[in-house]
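Inside the fold
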Amino acid sequence: MRGMDTAREALDTLLPGLAPTLSDVPLQVLESPGGPGLDAFRKSGGPGLLVPGAYGGAGAGALRATRVSRALGALSPSLGVATAMHNFSVASLVALVASADASGLEWMLIEGIARDRLLVASAFAEGRPGAGILDSAVKARPAEGGWLVSGSKKPCSLSQSMDLITASVALTGADGTTELGVALVPTASPGITRRPFWGAPFLAGAESDEVVLTDVHVPTELMLRPQVELGTGLDTLQTIGFVWFELLVTSVYTGAVARLAESALDAGKGSATDRAAVLTQVEAAIALAENTARVVDAGPVGNDELAMVLTARYAVQELLVSAADRAAELLGGLAFATSCDIGHLLAVSRALAFHPPSRGSSAQALLDHHAGAPLRLA
Ligand SMILES: Cc1cc2nc3c(=O)[nH]c(=O)nc-3n(C[C@H](O)[C@H](O)[C@H](O)COP(=O)(O)OP(=O)(O)OC[C@H]3O[C@@H](n4cnc5c(N)ncnc54)[C@H](O)[C@@H]3O)c2cc1C
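For clarity, every value in this text was computed on a predicted model and none was experimentally measured. (Residues numbered from 1 in each chain as written. Predicted model: local features only at pLDDT ≥ 70, side-chain atom pairs only at ≥ 80, totals over all residues. Heavy atoms only, no water.)

1. Description of the overall build of the protein
Assigned secondary structure in the protein consists of 13 helices and 8 strands. Relative to the compact-globule value of 21 Å for 378 residues, the protein shows a C-alpha radius of gyration of 20 Å, a close match. Seen through its principal axes, the protein has C-alpha atoms that stretch 70 × 45 × 40 Å. Sorting the 378 residues of the protein into buried and exposed places 52% on the buried side. Taking as baseline every contact in the protein between residues at least 6 positions apart, the subset at least 24 positions apart corresponds to 76%. Counting 26 positive and 37 negative side-chain charges, the protein places the averaged centre of each group 4 Å from the other. (Helix = DSSP H or I, 4+ residues; strand = E, 2+ residues; numbered from the N terminus. Rg over C-alpha atoms; globule rule 2.2 N^0.38 Å. Buried < 20%, exposed > 50% of the residue type's maximum accessible area, 1.4 Å probe, protein only. Contact = heavy atoms within 4.5 Å. Lys, Arg positive; Asp, Glu negative; His and termini not counted. Charge placed at Lys NZ, Arg CZ, Asp CG, Glu CD.)

Now the structure itself:
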């Protein structure tokens, strides 16, 4: 599949050695906790993928990051999801370095991430049904030189392998008012513990367990305070972060389904019409993400690009379910019965729907944007 050839080329160029290390490892090993994926990602320089060359990274833009994410999703969906969380945090930090809001510390952080091959978790979800990811129940209260942060984040991918956490928190001022903050927390800080959370056998290699913070001290300079714009509910940096997140996560699941689709094409079963249907659905999903990535690379990124990437993501969400169904049917019952891989990839093909924002929560916002209003995410 041509869209997967470009993905594998990008992976081999930007993270040399990663694919050869993992390509012979059985999928079920890569998808289990403690598999070799994250270690191989570190060794190939993966943590610095999005860090600009001036700070020691590979300096990938959105198009190349989209391709690498797709290749990673095909190699190991768990590795793809875990590294999408890392790349989302790094992309946000890189955007911050380039912005007027930078404190001067951020460039040292991204340089350290590339140099020391550090993994960064993105802790926004809290396991509360219906809660938006910017609506945090994790509290930060003022303390000497910064803040004390307490609460729980789940699921939090990279919970075992992470070196740093970016976490949304509710900053509570001395006068009782609250505002959104994003804490950057080294995982060596006292007060951080993990608890089992992820019970499903699918995507278990992403280490998406619970991370508990108990009076974790975060210095003032490591507590970012987004300035939310009236009308959109997001600030510019959050918008850029969201756009990157949607692009990366959409590409990871596209890669996972492309793995199933390539198997079906190689098996050569069914009619040419059936096989071409699988092919065109996956190539269309790839093209939707790549089109948005090119717009992101051309810049600037704002509210309209957020609407564009969400539109692409929800369209891809449907294409992937349909393509995975068709591919599994073409591969047939014997293939389904004699290995876990097909059932596993079928389950994974559904999971793009479980990443924020859910389709239901942003439906009205997309309709309002279509009618001329800014896209406002709750
Ligand atoms: C593999 C994996 C790894 C993940 N890792 C991380 C991570 O590292 N960090 C992180 O922060 N998150 C992570 N997440 C995301 C996190 O799991 C989600 O935020 C969480 O799944 C939301 O689940 P929920 O059941 O609370 O969904 P809900 O938001 O409650 O949605 C459930 C249903 O309600 C509907 N709904 C919700 N709100 C509305 C609304 N306002 N209007 C209409 N309908 C609505 C939705 O459409 C959906 O159908 C991960 C997810 C997966 C699948």
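Now, onward.
2. Here we look at helix α1 (residues 2–14)
Think of an α-helix as turning once every 3.6 residues; residues three or four places apart then point the same way. In this model α1 runs 18 Å from its N-terminal to its C-terminal C-alpha over 13 residues, within 8% of the 18 Å that 1.5 Å per residue would give. Considering only its buried residues, α1 is in contact with α2 (18–22), α5 (62–75), α8 (236–267) and α9 (272–298). (Expected span 1.5 Å × (residues − 1).)

3. Section: the site of the ligand
Taken together, 21 residues are adjacent to the ligand, and Ser 122, Phe 124, Ala 125, Gly 130 and Ser 157 come closest. Taking Ser 157, its main chain carries an N or O atom lying 2.7 Å from an oxygen atom of the ligand. Between the ligand and Gly 360, the relevant distance is 3.2 Å, taken from an oxygen atom to a main-chain nitrogen or oxygen of the residue. Looking at the shell around the ligand, the elements with two or more residues in it are α6 (77–97), β3 (146–156) and α13 (359–370). Broken down by class, the residue content of the shell around the ligand amounts to 12 nonpolar, 8 polar and 1 charged. (Near = heavy atom within 4 Å. Polar contact = N/O pair within 3.5 Å; in protein donor to acceptor, adjacent residues only side chain to side chain. Nonpolar A, V, L, I, M, F, W, Y, C, P; charged D, E, K, R; others polar.)

4. Observations concerning the domain arrangement of the protein
Under the domain assignment, the protein is made up of domain 1 (2–119), domain 2 (121–224) and domain 3 (236–370). If you average the C-alpha positions of domain 1 and of domain 3, the two centres end up 19 Å apart. Taken residue by residue, the interface counts 34 residues in domain 1 and 31 residues in domain 3. Surface buried jointly by domain 1 and domain 3 totals about 2,600 Å² across both partners, of which 70% is contributed by carbon and sulfur atoms. Our count for the domain 1 to domain 3 interface comes out at 3 salt bridges. Linking Glu 290 and Arg 67 is a salt bridge whose minimum nitrogen-to-oxygen distance equals 2.9 Å. (Domains from an automatic or database assignment. Buried area = accessible area lost by both parts, 1.4 Å probe. Salt bridge = Lys/Arg side-chain N within 4 Å of Asp/Glu carboxyl O.)

5. With respect to the packing of aromatic side chains
Per the stated rule, a full pass over the model turns up 3 aromatic pairs. Measuring from centroid to centroid gives 5.3 Å for Phe 88 and Phe 245, while their planes differ by 65°, and the two rings are edge-to-face. Here the residue Phe 88 occupies a position in helix α6, and Phe 245 occupies one in helix α8, the gap between them amounting to 157 residues. Phe 245 matches Phe 88 in its accessibility class, with the two residues each being buried. Feature note: the residues Phe 88, Phe 124 and Phe 245 constitute an aromatic cluster, connected by ring pairs. (Phe/Tyr/Trp six-rings, centres within 6.5 Å; stacked < 30°, edge-to-face > 60°.)

6. Concerning the packing of α8 against α9
Between α8 and α9, whose axes approach to 10 Å, the crossing angle comes to 160°. By the criterion of interaxial angle, the relationship of α8 to α9 is roughly antiparallel. Judged by the twist between their axes, the crossing of α8 over α9 is left-handed. Of α9, the residues touching α8 (which contributes Val 243, Trp 244, Leu 247, Ser 251, Thr 254, Val 257, Ala 258, Ala 261, Ala 264 and Leu 265) are Arg 275, Val 278, Leu 279, Val 282, Ala 285, Ile 286, Ala 289, Thr 292, Ala 293 and Val 296. Partitioning the contact of α8 with α9 into residue classes produces 16 nonpolar, 3 polar and 1 charged. (Axes fitted to C-alpha atoms, helices over the stretch in contact; angles between N-to-C directions. Parallel < 35°, antiparallel > 145°, perpendicular 65-115°, else oblique. Left-handed = near helix turned anticlockwise from the far one by under 90°.)

7. A word on the packing of α6 against helix α7 (residues 105–115)
At their nearest, the axes of α6 and α7 sit 9 Å apart, and the two run at 140° to each other. Seen from above, α6 lies across α7 with left-handed handedness. Contact residues: α6 offers His 86, Val 90, Leu 93, Val 94, Leu 96 and Val 97, while α7 offers Glu 106, Trp 107, Ile 110 and Ile 113.

8. Observations concerning the pattern of salt bridges
Side chains carrying opposite charge are able to pair once their charged atoms draw close together. This model, assessed by the stated rule, comprises 16 salt bridges. In this structure, Glu 210 engages Arg 195 in a salt bridge whose closest nitrogen and oxygen atoms are separated by 3.2 Å. Residue Glu 210 is located in strand β7 (residues 209–219), and its partner Arg 195 is located in strand β6 (residues 192–195); the two are separated by 15 residues in the primary sequence. The class for Glu 210 is buried, based on a relative accessible area of 6%. Members of the salt-bridge network, linked through shared partners, are Arg 67, Arg 70, Glu 290 and Arg 294.

9. Quick word on the environment of Gly 176
The topology assignment puts Gly 176 in the loop between β4 (164–172) and β5 (178–186). Judged by relative accessible area, Gly 176 falls into the partly exposed class, the value being 48%. Sequence separation between Gly 176 and Ala 287 is 111 residues; the distance between their C-alpha atoms is 48 Å.

10. Quick word on the pairing of strand β2 (residues 139–143)
Note: β2 against β3, 5 bridges, orientation antiparallel. Directly across from Lys 139, in β3, lies its bridge partner Ser 150. The turn joining β2 and β3, which pair antiparallel and follow one another in sequence, is formed by 2 residues; a positive phi near 75° is taken by Gly 145. (Pairing = 2+ DSSP bridges.)

11. Some thoughts on the nonpolar core
One finds Leu 11, Ile 165, Met 223, Trp 244 and Tyr 253 to be the most contacted residues of the largest nonpolar core, which totals 121 residues. Broken down by element, this core gets its largest block of residues, 17 residues, from α8. Other than its neighbours up to four places away in sequence, Tyr 253 contacts Val 81, Leu 203, Leu 320, Val 348, Ala 351, Leu 352 and His 355. (Core = buried A, V, L, I, M, F, W, Y, C linked by side-chain atoms within 4.5 Å.)

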